[in-house]
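Residue strings, one per chain:
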Amino acid sequence: MHPAPYPRLPALWRRRRLLLLALPAVLAGCAALSGGLPPKVNFAGIESIGGEGMELRFNLKLRVQNPADAPLQIDGLSLNLAVRGIDFASGVSAVKTTVPRFGETVLTVPVTVPATAVLRQAWAMTGSREVRKIEFELSGRLGAGPLGGSRFASKGEFDWPLGSGPLAKP
(Lines give C-alpha, C1' and ligand atoms only; values in the text may rest on other atoms or scores of the structure.)
Protein backbone atom coordinates (compact mmCIF):
# COMPACT_ATOMS: atom_id res chain seq x y z
CA MET A 1 0.00 0.00 0.00
CA HIS A 2 1.40 3.36 -1.04
CA PRO A 3 1.18 6.36 1.25
CA ALA A 4 -1.19 9.13 0.15
CA PRO A 5 0.53 11.99 -1.72
CA TYR A 6 -0.78 14.40 0.90
CA PRO A 7 -1.69 13.81 4.51
CA ARG A 8 -5.36 13.32 5.22
CA LEU A 9 -7.05 16.14 7.06
CA PRO A 10 -8.50 15.33 10.45
CA ALA A 11 -12.27 14.84 10.43
CA LEU A 12 -12.84 18.15 12.23
CA TRP A 13 -11.02 20.10 9.50
CA ARG A 14 -12.93 18.28 6.76
CA ARG A 15 -16.22 19.33 8.39
CA ARG A 16 -15.07 22.94 8.72
CA ARG A 17 -13.99 23.03 5.09
CA LEU A 18 -17.37 21.65 4.04
CA LEU A 19 -19.12 24.29 6.18
CA LEU A 20 -17.06 27.09 4.61
CA LEU A 21 -17.88 25.83 1.13
CA ALA A 22 -21.61 25.59 1.94
CA LEU A 23 -21.87 28.96 3.73
CA PRO A 24 -22.45 31.09 0.58
CA ALA A 25 -25.28 28.81 -0.54
CA VAL A 26 -26.89 28.97 2.91
CA LEU A 27 -26.68 32.78 2.99
CA ALA A 28 -28.14 33.03 -0.51
CA GLY A 29 -31.00 30.79 0.60
CA CYS A 30 -31.69 33.02 3.61
CA ALA A 31 -31.77 36.08 1.36
CA ALA A 32 -34.21 34.35 -0.96
CA LEU A 33 -36.46 33.42 1.97
CA SER A 34 -36.54 37.00 3.24
CA GLY A 35 -37.93 38.21 -0.07
CA GLY A 36 -34.60 39.35 -1.43
CA LEU A 37 -35.93 42.82 -2.25
CA PRO A 38 -33.84 45.71 -0.93
CA PRO A 39 -35.50 48.55 0.96
CA LYS A 40 -36.21 51.81 -0.85
CA VAL A 41 -35.01 55.01 0.80
CA ASN A 42 -36.21 58.43 -0.37
CA PHE A 43 -35.73 62.02 0.74
CA ALA A 44 -38.86 63.10 2.66
CA GLY A 45 -37.99 66.47 4.21
CA ILE A 46 -35.50 68.68 6.01
CA GLU A 47 -35.50 70.80 9.18
CA SER A 48 -32.81 73.22 10.33
CA ILE A 49 -31.14 72.63 13.71
CA GLY A 50 -28.37 74.54 15.48
CA GLY A 51 -24.82 74.14 14.17
CA GLU A 52 -21.36 74.75 15.60
CA GLY A 53 -19.22 77.59 14.29
CA MET A 54 -19.58 77.89 10.52
CA GLU A 55 -21.14 74.47 9.90
CA LEU A 56 -24.82 73.96 9.16
CA ARG A 57 -26.88 71.20 10.77
CA PHE A 58 -30.15 69.70 9.58
CA ASN A 59 -32.48 66.88 10.47
CA LEU A 60 -32.93 64.98 7.23
CA LYS A 61 -36.11 62.93 7.01
CA LEU A 62 -35.94 59.68 5.06
CA ARG A 63 -38.87 57.51 4.04
CA VAL A 64 -37.87 53.84 4.23
CA GLN A 65 -40.13 51.43 2.36
CA ASN A 66 -39.85 47.67 2.83
CA PRO A 67 -41.13 45.80 -0.26
CA ALA A 68 -40.05 42.42 1.19
CA ASP A 69 -42.26 39.75 2.67
CA ALA A 70 -40.46 39.92 6.04
CA PRO A 71 -40.02 42.74 8.58
CA LEU A 72 -36.87 44.85 8.19
CA GLN A 73 -34.84 45.33 11.39
CA ILE A 74 -32.80 48.56 11.36
CA ASP A 75 -30.25 49.31 14.07
CA GLY A 76 -28.52 52.35 12.60
CA LEU A 77 -27.79 54.16 9.38
CA SER A 78 -25.23 56.34 7.68
CA LEU A 79 -25.71 58.61 4.69
CA ASN A 80 -24.01 61.00 2.30
CA LEU A 81 -25.76 63.74 0.35
CA ALA A 82 -24.32 65.18 -2.86
CA VAL A 83 -25.84 68.31 -4.43
CA ARG A 84 -25.13 69.07 -8.11
CA GLY A 85 -22.54 66.27 -8.10
CA ILE A 86 -20.56 67.78 -5.19
CA ASP A 87 -20.39 66.20 -1.71
CA PHE A 88 -22.52 68.34 0.56
CA ALA A 89 -23.57 66.67 3.83
CA SER A 90 -23.15 63.49 5.83
CA GLY A 91 -24.75 62.00 8.90
CA VAL A 92 -25.15 58.94 11.10
CA SER A 93 -27.83 57.75 13.49
CA ALA A 94 -28.06 54.83 15.91
CA VAL A 95 -31.83 54.64 15.37
CA LYS A 96 -33.41 51.23 16.10
CA THR A 97 -36.70 50.39 14.48
CA THR A 98 -38.58 47.73 12.57
CA VAL A 99 -40.22 48.41 9.22
CA PRO A 100 -43.11 45.96 8.80
CA ARG A 101 -43.37 43.75 5.73
CA PHE A 102 -44.79 45.78 2.85
CA GLY A 103 -44.66 48.82 5.15
CA GLU A 104 -42.85 52.10 5.52
CA THR A 105 -41.57 54.50 8.15
CA VAL A 106 -39.93 57.93 8.31
CA LEU A 107 -36.52 58.17 9.99
CA THR A 108 -34.85 61.40 11.11
CA VAL A 109 -31.07 61.66 10.73
CA PRO A 110 -28.97 64.64 11.86
CA VAL A 111 -26.59 65.72 9.08
CA THR A 112 -23.71 68.16 9.06
CA VAL A 113 -22.84 70.51 6.21
CA PRO A 114 -19.26 71.77 6.61
CA ALA A 115 -18.59 75.42 5.73
CA THR A 116 -16.32 74.24 2.90
CA ALA A 117 -19.26 72.41 1.28
CA VAL A 118 -21.38 75.57 1.40
CA LEU A 119 -18.55 77.54 -0.22
CA ARG A 120 -18.08 74.90 -2.95
CA GLN A 121 -21.80 75.01 -3.78
CA ALA A 122 -21.85 78.82 -3.83
CA TRP A 123 -18.79 78.86 -6.10
CA ALA A 124 -20.34 76.28 -8.46
CA MET A 125 -23.55 78.32 -8.72
CA THR A 126 -21.89 81.68 -9.45
CA GLY A 127 -21.46 80.84 -13.13
CA SER A 128 -25.14 80.06 -13.67
CA ARG A 129 -27.85 82.62 -12.96
CA GLU A 130 -30.59 80.47 -14.53
CA VAL A 131 -30.48 77.55 -12.10
CA ARG A 132 -33.97 76.09 -11.97
CA LYS A 133 -33.43 72.48 -10.91
CA ILE A 134 -31.03 71.36 -8.21
CA GLU A 135 -30.04 67.70 -8.53
CA PHE A 136 -29.17 65.64 -5.47
CA GLU A 137 -27.98 62.12 -4.77
CA LEU A 138 -28.53 60.39 -1.47
CA SER A 139 -26.55 57.25 -0.63
CA GLY A 140 -25.82 55.29 2.50
CA ARG A 141 -26.23 52.13 4.47
CA LEU A 142 -29.01 50.77 6.68
CA GLY A 143 -27.52 48.70 9.49
CA ALA A 144 -29.07 45.39 10.50
CA GLY A 145 -26.71 43.75 12.98
CA PRO A 146 -23.12 42.57 12.58
CA LEU A 147 -23.80 40.43 9.51
CA GLY A 148 -26.63 42.35 7.91
CA GLY A 149 -27.50 45.65 6.37
CA SER A 150 -28.07 47.02 2.95
CA ARG A 151 -26.85 49.92 0.87
CA PHE A 152 -29.23 52.40 -0.68
CA ALA A 153 -29.06 55.16 -3.27
CA SER A 154 -31.65 57.67 -4.38
CA LYS A 155 -31.52 60.53 -6.90
CA GLY A 156 -33.84 63.43 -7.46
CA GLU A 157 -34.17 67.12 -8.04
CA PHE A 158 -36.00 70.08 -6.61
CA ASP A 159 -36.91 73.51 -7.97
CA TRP A 160 -34.84 76.48 -6.86
CA PRO A 161 -36.99 79.58 -6.42
CA LEU A 162 -35.47 82.11 -8.85
CA GLY A 163 -37.42 85.03 -7.46
CA SER A 164 -35.55 85.05 -4.14
CA GLY A 165 -32.20 84.27 -2.62
CA PRO A 166 -28.66 84.82 -3.91
CA LEU A 167 -29.53 83.87 -7.51
CA ALA A 168 -32.40 86.29 -7.96
CA LYS A 169 -32.20 88.49 -11.06
CA PRO A 170 -31.62 92.20 -10.37
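Residues numbered from 1 in each chain as written. Predicted model: local features only at pLDDT ≥ 70, side-chain atom pairs only at ≥ 80, totals over all residues. Heavy atoms only, no water.

**Considerations on the side chain of Asn66**
The residue Asn66 is located in strand β2 (residues 56-66) in this model. According to the relative accessible area criterion, Asn66 is buried, its value standing at 4%. A polar contact of 3.1 Å, which involves the side chain of Asn66, links it to the backbone nitrogen of Ala68. Residues in contact with Asn66, not counting those within four places in the same chain, are Pro71, Leu72, Val99, Pro100, Arg101, Phe102 and Gly103. (Helix = DSSP H or I, 4+ residues; strand = E, 2+ residues; numbered from the N terminus. Buried < 20%, exposed > 50% of the residue type's maximum accessible area, 1.4 Å probe, protein only. Polar contact = N/O pair within 3.5 Å; in protein donor to acceptor, adjacent residues only side chain to side chain. Contact = heavy atoms within 4.5 Å.)

**Considering the pairing of strand β5 (residues 86-93)**
The sheet contact formed by strand β4 (residues 77-83) and β5 spans seven bridges and is antiparallel. In the sheet register, Ala82 faces β5, and the bridge partner there is Asp87. Taking the residues that link successive antiparallel strands as the turn, the β4-β5 hairpin has two residues, and the phi of Arg84 there is positive, at about 55 degrees. The pairing of β5 with strand β7 (residues 103-113) spans two bridges and is antiparallel. Counterpart to Ser90 in the pairing with β7 is Thr112. (Pairing = 2+ DSSP bridges.)

**Observations concerning the sheet that holds β2**
Taken together, the seven strands give an open sheet; going across it, the order is β1-β2-β7-β5-β4-β8-β9, and neighbouring strands pair in antiparallel fashion. In this open sheet, the two strands that pair with only one neighbour each are β1 (40-49) and β9 (149-159). For this sheet, the mean inter-axis angle between neighbouring strands, taken without regard to orientation, is 25 degrees. The sheet contact formed by β4 and strand β8 (residues 133-143) spans seven bridges and is antiparallel. Paired with Ala82 across the strands is Glu137, a residue of β8. (Axes fitted to C-alpha atoms, helices over the stretch in contact; angles between N-to-C directions.)

**Some points on unusual backbone geometry**
Unusually for a residue other than glycine, Arg84 sits at a positive phi of about 55 degrees. Looking at where Arg84 falls in the secondary structure, it is placed in the loop between β4 and β5. Given the relative accessible area of 30%, Arg84 is considered partly exposed. Of note, Phe102 is a non-glycine position whose phi angle comes to about 50 degrees, a positive value. If you trace the backbone, Phe102 turns up in the loop between β6 (97-99) and β7. Among the residues examined, Phe102 registers a relative accessible area of 54% and is labelled exposed.

Keep in mind these numbers describe shape, not what the thing actually does.
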